[in-house]
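A structural walkthrough
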Amino acid sequence: MDYRRKTVVASVAGLTLEGMDIMFISFAMSMIIAQFHIDMVAGGLISSITNLGMLAGGVIFGILADKFGRVKIFTYTILLFAIGTALTGLAVNIEQVYIFRFIAGLGAGGEYGIGMALVAEAWPKNKQGRASSYVSIGAQYGVILAALLSAIILPSWGWRGLFFIGLVPVIFAFIVRKKLDESPEWLAANKKKQLVPKEWKLKQLFATPSTSVTTIALAIMATVQIAGYNGLMIWLPSMLQQSQGLSVSNSALWTISTAAGMIAGMLTFGQFIDRFGMKRSYGIFLFASAVAVFLYAFASGSAGLLIGGAIVGFFSNGMFAGYGALISSFYPVEIRSTATNTIFNFGRALGGLSPILVGYILQHANVTAAMGYLALLYCISFIAMISLKKGKTTTQEQTRTFSKVV
């Protein structure tokens, strides 16, 4: 296996484990709420605290990865993520759940941007869209895996058994450390001493008015992406169990159908990016997402829920495939991991508040209002996307060296 494929496999595996962990919360939510006697808003706070941990971990580990190397820090983030996930299964009260989810978030937040930076530095620009889509699909593999494991484990061993599976990433971390070499582009920049910035790394994301507008616009888009995904995937399985009378197994079937639509959307979106460019691709998918999400509020019957879920997943989360390539295209190698982690995990932290708001809307209004809120978010993201200029890294960008290694 050549270096390009190794970066994709490692990043896919990391996102698979992360996606699985996030959906564990979704399927276990009703059990956790019942055991700790909390309301839906407090339940939604579990995911929000996880996302706050992702923001902190993204900034911390993004800076460390730019300074000390992608692969080394990538391994540490996976270990931290595994520990936090496994500890969640030992929590004796909701406060401990919050703490352990924050720890898991620290690791997960660092893992995403580092993996995306590795892929961006290994693949040529005209193939980064599809490479990014291959990686992003990993999260959906995790969704499907979580649905299958939940259907098997929850009825027999309860919600705690799910989180004990969090020890599995420990094995993966050692494999990554042993099999994956450091990014050639990072090594070249490090050798030339260009990884020591003249100013604080986070400040570089706002170095000029143009850079500031780009950073803010990307953060808004990332926030909407996470808010839409969390709003749909965190609450809809539980909502379908209650409103449609579905069992855990049947709601798992809905989740698998929606995840399948997401995978198809990601593969399609990656091809769109490489063929039609970022802005046109995002414009089409954002508009379609707003329409599909709003119309889904009126779906009924098993067939309507399954097909509609797949269509919503195709457009709303298909765009997830492009963020690695999109954000990486605007920043040079010396701050790429920091930028990717900070911007996307800021979106996770702010967008992670969406489950609280959706839970509130569902508690005080109805499904149509909740879906209308999500549709509005995609319209806001569309406006932010229009403000973006064509992705272009700075003149400090290093000459790509992957061709010498592959």
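The structure contained in this document is the topic of the report that follows. (Residues numbered from 1 in each chain as written. Predicted model: local features only at pLDDT ≥ 70, side-chain atom pairs only at ≥ 80, totals over all residues. Heavy atoms only, no water.)

In this section: the overall build of the protein chain. Scanning the protein chain from N- to C-terminus turns up 17 helices and 0 strands. The burial tally for the protein chain puts 60% of its 406 residues in the buried class. Considering only contacts in the protein chain between residues 6 or more positions apart, those separated by 24 or more positions represent 85%. Looking at the protein chain as shown, the accessible area adds up to about 15,900 Å², and 69% of this sits on carbon and sulfur atoms. (Helix = DSSP H or I, 4+ residues; strand = E, 2+ residues; numbered from the N terminus. Buried < 20%, exposed > 50% of the residue type's maximum accessible area, 1.4 Å probe, protein only. Contact = heavy atoms within 4.5 Å. Areas by Shrake-Rupley, 256 points an atom, 1.4 Å probe, with all protein chains shown as cover.)

Within the secondary structure layout, T50 lies in helix α2 (residues 40-68). When sequence neighbours within four positions are dropped, the list of residues in contact with T50 reads R101 and G105.

So, on to the pattern of salt bridges. Under the criterion given, the structure shown has 4 salt bridges. E185 is the salt-bridge partner of R336, the closest N and O atoms lying 3.5 Å from each other. With R336 in helix α14 (residues 336-351) and E185 in helix α7 (residues 184-191), the pair connects residues that are 151 residues apart, well separated along the chain. By relative accessible area, which is 1% here, E185 ends up buried. Three or more residues joined by partner-sharing salt bridges are found here, namely D66, R70, E121, E185 and R336. (Salt bridge = Lys/Arg side-chain N within 4 Å of Asp/Glu carboxyl O.)

Right, let's talk about the packing of helix α1 (residues 3-36) against helix α4 (residues 94-122) for a bit. Where α1 contacts α4, the axes come no closer than 9 Å and their chain directions differ by 160°. What the angle tells us is that α1 and α4 run roughly antiparallel. Considering how the two elements wind past one another, α1 and α4 form a crossing that is left-handed. Across the interface between the two elements, Y3, R4, T7, V8, S11, G14, L15, E18, D21, I25, I32 and F36 from α1 touch I94, V97, R101, A108, E111, Y112, G115, M116, L118, V119 and A122 from α4. Taken together, the residues of the contact of α1 with α4 sort by class into 14 nonpolar, 4 polar and 5 charged. (Axes fitted to C-alpha atoms, helices over the stretch in contact; angles between N-to-C directions. Parallel < 35°, antiparallel > 145°, perpendicular 65-115°, else oblique. Left-handed = near helix turned anticlockwise from the far one by under 90°. Nonpolar A, V, L, I, M, F, W, Y, C, P; charged D, E, K, R; others polar.)

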